[in-house]
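Residues per chain, in single letters:
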Protein chains: 2
Amino acid sequence: MNKYSVLNENPFGRQKDFAKMTGAERQTYKKNDIIMQFDDKRSDIGLMETGLSYLVGINAAGEKNILDYYESGNIFGNAFFPHKPVNLYYVIAKTKCTLYKCTYDNMINCCRDDYIEHTKMMNELIISSAQRKQMHVDILSQRTIRNKLLTYFRYIAKDSEEQQIHIPLNLSDLADYISVDRSAMMREIKNMNKDGIIVSKGQIITLK
Amino acid sequence: MNKYSVLNENPFGRQKDFAKMTGAERQTYKKNDIIMQFDDKRSDIGLMETGLSYLVGINAAGEKNILDYYESGNIFGNAFFPHKPVNLYYVIAKTKCTLYKCTYDNMINCCRDDYIEHTKMMNELIISSAQRKQMHVDILSQRTIRNKLLTYFRYIAKDSEEQQIHIPLNLSDLADYISVDRSAMMREIKNMNKDGIIVSKGQIITLK
DNA sequence: ATAGATAAGTTGCAATTGCAACAGACAATT
DNA sequence: AATTGTCTGTTGCAATTGCAACTTATCTAT
């Protein structure tokens, strides 16, 4: 077991510790609010407390993609973007959201006294972001819709429990996240049910 | 400009500083050597000095994908992987490589005296990894081969210089990296030349 | 220098996937 | 309770993409 993996963790008080260490401000957004835009020069960091938000990218043709999604404990920000991104990006509230926001500088340069705890926590947070992207790349690099879905499901499934999973995204948005056409994905889910690989009803899926 | 972006940077002495701070060991690998395997419990960190290496993932069907590639200054390691990866992964030397290796613990917990420099450097390194994955996700989430290629090219192109770029991967491996069939990619490159969007010869591409 | 291996480039054909356009279910709001 | 909007689920058809099978070019090592 990789002890640095925080993908499925949400340690109690993590957001509160974050706020105390960085001076982050607690904010509330309602559904469809823009939480953060990445076309400006500022480099804020957001840490989700409750709700669900999307990182959306828009390419030159105006096509939107869900590039990442954030739930309680997930971190996001311009700092995790390459210099000179080629598309437009923003984080939007899918549901009502509460989160903590601070500047990247505050996150990195603070808390001289308890710097060990601070450093460990910051690294955990930053690495969790990299881990999420690695998972996403792993999904997207699968060549068929079926393998994209299976890879995603296996990541979501926790090993110790039964193989029934609840997908945090609705099926329309899941199709977007794995970057395939929604109707084609629905067709493939139907085929997977027919082939006995999964049993699914909406966002509830049981792996066989 | 995002001052935390290190995608295209390779600060002089970065690897040497890394080694000094972490006690990392310098290693040499020849072409096709396995540099690191992610199926074990250890959590080593690698920092490339020279050469080119690939992060390769193999799914249950035995299909291989190039999930990432590492050149001078790039960092990689198990720590950037989600817990319980669903496929097999290894880092393999595409060319002769030199790199520095240390444990993740050594990278994170060392150098109390100059911890500010250390913290800044470690964060820069970790974030560069997240940035690379963000770029990759951005590429993979494009729905057509043409848009995958254009997104990749625009990331590679440096803004201040002319729009001629040299791709570090050969075309076979590029197809793998953007997760499309090689012959289909070649066909699309031909079409893009025909349409006047690019002028290309092998790995040398000029954006129009 | 030559052979062997690796990579670039091409094309026909098949298959998956995307697109469009539906109907029906469900949720939210007045 | 009715209306509006969002989401699920389905299918025919078209188009992109993948696969297979080549040839030619380039690199590598003996």
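Placed above this text is the structure.
Remember, predicted model here, so these are calculated numbers, not experimental data.

A.B. asks: Help me understand the overall build of chain A in this model?
C.D. replies: Summing up its helical and strand segments, chain A has 6 helices and 11 strands in all. Classification of the 208 residues of chain A by burial places 57% in the buried group. Of the accessible surface of chain A, which amounts to about 9200 Å², a share of 49% is contributed by carbon and sulfur atoms.

A.B. asks: Is there a simple way to explain the packing of helix α4 (residues 145–156) of chain A against helix α6 (residues 182–194) of chain A in this structure?
C.D. replies: Packed helices, taken two at a time, are described by their axes: the angle between them and the distance between them. Residue and element names in this part refer to chain A. Running from N to C, α4 and α6 cross one another at 75°; their axes reach a closest spacing of 10 Å. In terms of their interaxial angle, α4 and α6 are classed as roughly perpendicular. Residue-level contacts link Ile-145, Arg-146, Leu-149, Leu-150 and Phe-153 of α4 to Ala-184, Met-185, Glu-188, Ile-189, Asn-191 and Met-192 of α6. Looking at the contact of α4 with α6 residue by residue, the classes come out as 8 nonpolar, 1 polar and 2 charged.

A.B. asks: Honestly, the relation of the copies chain B and chain A in this entry has me stumped. Any pointers?
C.D. replies: Two copies of the chain are present, and they differ by a rotation about an axis and a shift along that axis. With an RMSD of 0.0 Å, the operation that places chain B on chain A is a rotation of 180° combined with a shift of 0.0 Å along the axis. With respect to symmetry, the two chain copies, as superposed, fit the operation of a two-fold axis. Measuring from the rotation axis to each C-alpha of chain B, the shortest distance belongs to Ala130(B), at 2.2 Å. Most of the interface of chain B is mirrored in chain A, where 100% of its interface residues are also at the interface.

A.B. asks: What's the story with the pairing of strand β4 (residues 53–58) of chain B in this structure? I'm lost.
C.D. replies: Within a regular strand, the side chains alternate between the two sheet faces. All names here are of chain B. With 6 of 6 residues buried, β4 lies mostly within the body of the structure. Because side chains alternate across β4, one face comprises the buried residues Ser-53, Leu-55 and Gly-57, and the other comprises Tyr-54, Val-56 and Ile-58, equally buried. Here β4 folds back onto strand β5 (residues 64–70) in antiparallel fashion, the turn holding 5 residues, of which Gly-62 has a positive phi close to 85°.

A.B. asks: So what exactly am I meant to see when it comes to the protein's contact with DNA strand D here?
C.D. replies: Every one of the 19 residues lining DNA strand D counts as a neighbour, but Arg182(A), Lys190(A), Thr144(B), Asp181(B) and Ser183(B) are closest to it. Among the atoms of DNA strand D lying within 4 Å of the protein, the sugar-phosphate backbone contributes 51%. At a separation of 3.1 Å, a phosphate oxygen of DNA strand D approaches a polar side-chain atom of Lys94(A). Ser172(A) places a polar main-chain atom, nitrogen or oxygen, 3.0 Å from a phosphate oxygen of DNA strand D. Contributing elements (two or more residues each) for the surface near DNA strand D: α5 (171–177) and α6 of chain A together with α6 (182–194) of chain B. Per-element tally for the surface near DNA strand D: the top contributor is α6(A), with 5 residues. Within the surface near DNA strand D, the residues separate by chemical class into 5 nonpolar, 7 polar and 7 charged.

A.B. asks: I'm lost on the environment of Ile58(B) in this one. Help?
C.D. replies: Residues and elements named next belong to chain B. In this fold, Ile-58 is placed in strand β4. Taking the C-alpha atoms as reference points, Ile-58 and Val-86, separated by 28 residues in sequence, lie 9.4 Å from one another. Residue contacts for Ile-58: discarding those within four places in its chain leaves Glu-63, Lys-64, Asn-87, Leu-88 and Tyr-90.

A.B. asks: Please explain helix α1 (residues 14–22) of chain B as it appears in this structure.
C.D. replies: Helical geometry note: an α-helix holds 3.6 residues per turn, so side chains three or four residues apart project in the same direction. Arg14(B), Gln15(B), Phe18(B), Ala19(B), Met21(B) and Thr22(B) are the residues of α1(B) that are buried. Backbone geometry just downstream of α1(B) places Gly23(B) in the positive-phi region, at approximately 75°.

A.B. asks: When you look at the interface of chain B and chain A in this model, what are you seeing that I'm missing?
C.D. replies: Interface extent is often summarised as the accessible area lost during association of the parts. If you look at the interface, chain B gives 59 residues, while chain A gives 59 residues. Both sides together, the interface formed by chain B and chain A hides about 5500 Å², and carbon and sulfur atoms give 55% of it. Seen at the junction of chain B and chain A, the total is 2 salt bridges. Asp176(A) is the partner of Arg143(B) in a salt bridge, and the nearest nitrogen-oxygen pair spans 3.4 Å.

A.B. asks: How do you make sense of the protein's contact with DNA strand C when you look at a structure like this?
C.D. replies: Inspection of the region around DNA strand C gives 18 residues, with Thr144(A), Asp181(A), Arg187(A), Arg182(B) and Lys190(B) positioned closest. Per the 4 Å cut-off to the protein, sugar and phosphate atoms form 55% of the nearby atoms of DNA strand C. Between a phosphate oxygen of DNA strand C and a main-chain N or O atom of Ile145(A), the distance comes to 3.0 Å. Among the secondary structure elements, those contributing two or more residues to the surface near DNA strand C are α6 of chain A together with α5 (171–177) and α6 of chain B. Among the elements that line the surface near DNA strand C, the one with the most residues is α6(B), at 5 residues. Considering only residue class, the surface near DNA strand C consists of 5 nonpolar, 6 polar and 7 charged.

Thresholds, definitions, all that
- Residues numbered from 1 in each chain as written.
- Chains lettered and ligands numbered in written order.
- Predicted model: local features only at pLDDT ≥ 70, side-chain atom pairs only at ≥ 80, totals over all residues.
- Heavy atoms only, no water.
- Helix = DSSP H or I, 4+ residues; strand = E, 2+ residues; numbered from the N terminus.
- Buried < 20%, exposed > 50% of the residue type's maximum accessible area, 1.4 Å probe, protein only.
- Areas by Shrake-Rupley, 256 points an atom, 1.4 Å probe, with all protein chains shown as cover.
- Axes fitted to C-alpha atoms, helices over the stretch in contact; angles between N-to-C directions.
- Parallel < 35°, antiparallel > 145°, perpendicular 65-115°, else oblique.
- Contact = heavy atoms within 4.5 Å.
- Nonpolar A, V, L, I, M, F, W, Y, C, P; charged D, E, K, R; others polar.
- Least-squares fit on C-alpha atoms with pLDDT ≥ 70 in both.
- Pairing = 2+ DSSP bridges.
- Near = heavy atom within 4 Å.
- Polar contact = N/O pair within 3.5 Å; in protein donor to acceptor, adjacent residues only side chain to side chain.
- Buried area = accessible area lost by both parts, 1.4 Å probe.
- Salt bridge = Lys/Arg side-chain N within 4 Å of Asp/Glu carboxyl O.

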